[in-house]
Amino acid sequence: MTGVKVLLMMGCPEVPIQTSIALYLSHKLNKSGFDVTVAGNDAVTKLLKISDIDGYYVKKMVNLDKTLEDIIEKRLDFDMCFAFMHNDSGMTFAATMSAISQAKMYSVVFGKNAEALAEAIEFDCEKIVAKDVHNPTRLKNKLDKVMEEIVK
């Protein structure tokens, strides 16, 4: 998958499993040869930098607002986007990305209201849903199945 550009679009980091799943997915995608960029707000990027101090799992990290601006201005785009969401704000960012980008969208929906949030998604995407807050295992297993399909 060399040259395939993937964006991991991170939401607000208040749900604990997001950081571990982001590190895991970034690592899996990087190992499979994808060109992975992780975008988030200041809190997200600080959590990831502290969790991955040597940049072993996350090779490229950028500001989410600046990235969306670059996509709108046609300076940048991605082939795939994994949009992490646990609330309406995350879904709004994903819907925006869906509208401005040619990327194949994957909505990674988690947290206490994951099922209701996933049902409210009105843009074209593959939904990866787990009603988990702390234990990342179920979401990891679902992402592994998606990864198997992507790397075929």
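We now turn to the structure provided with this report.

1. Things to note about the packing of aromatic side chains
We describe a pair of aromatic rings using the distance from one ring centre to the other and the angle between the two ring planes.
Part 1: Taken as a whole and judged by the stated rule, the model has three aromatic pairs.
Part 2: Aromatic side chains F82 and Y106 sit 4.6 Å apart centroid to centroid with 10° between the ring planes, which places their arrangement in the stacked category. Separated by 24 residues along the polypeptide, F82 in strand β4 (residues 80–85) and Y106 in strand β5 (residues 104–110) bring together distant segments of the chain. The exposure classification of F82 matches that of Y106, with both residues buried.
Part 3: Between F84 and F110 the ring centres are 6.4 Å apart and the planes differ by 70°, which places this aromatic pair in the edge-to-face class. Linking F84 in strand β4 with F110 in strand β5, this pair joins segments that are 26 residues apart in sequence. For the pair formed by F84 and F110, the shared burial category is buried.
Part 4: When the ring centre of F78 is taken as reference, the NZ or CZ atom of K5 above it lies at 5.5 Å.
Part 5: The aromatic ring of Y56 is capped on one face by K59, whose charged end is 5.4 Å from the ring centroid.

2. Description of the environment of E14
Part 1: Along the chain, E14 turns up in the loop between β1 (5–9) and α1 (17–31).
Part 2: It is 15 Å that separates the C-alpha atoms of E14 and S51, two residues lying 37 residues apart in sequence.

3. Some thoughts on the packing of α1 against helix α2 (residues 42–51)
Part 1: Interhelical geometry of α1 versus α2 gives an angle of 60° and a closest axis separation of 11 Å. Relative to α2, the crossing made by α1 is right-handed. For the pair α1 and α2, contact is made by Q18, T19, A22 and L23 and by V44, L47, L48 and S51, respectively.
Part 2: Its residues placed into classes, the contact of α1 with α2 shows five nonpolar, three polar and no charged.

Definitions and limits used
- Residues numbered from 1 in each chain as written.
- Predicted model: local features only at pLDDT ≥ 70, side-chain atom pairs only at ≥ 80, totals over all residues.
- Heavy atoms only, no water.
- Phe/Tyr/Trp six-rings, centres within 6.5 Å; stacked < 30°, edge-to-face > 60°.
- Helix = DSSP H or I, 4+ residues; strand = E, 2+ residues; numbered from the N terminus.
- Buried < 20%, exposed > 50% of the residue type's maximum accessible area, 1.4 Å probe, protein only.
- Lys NZ or Arg CZ within 6 Å of the ring centre and 35° of its normal.
- Axes fitted to C-alpha atoms, helices over the stretch in contact; angles between N-to-C directions.
- Left-handed = near helix turned anticlockwise from the far one by under 90°.
- Contact = heavy atoms within 4.5 Å.
- Nonpolar A, V, L, I, M, F, W, Y, C, P; charged D, E, K, R; others polar.

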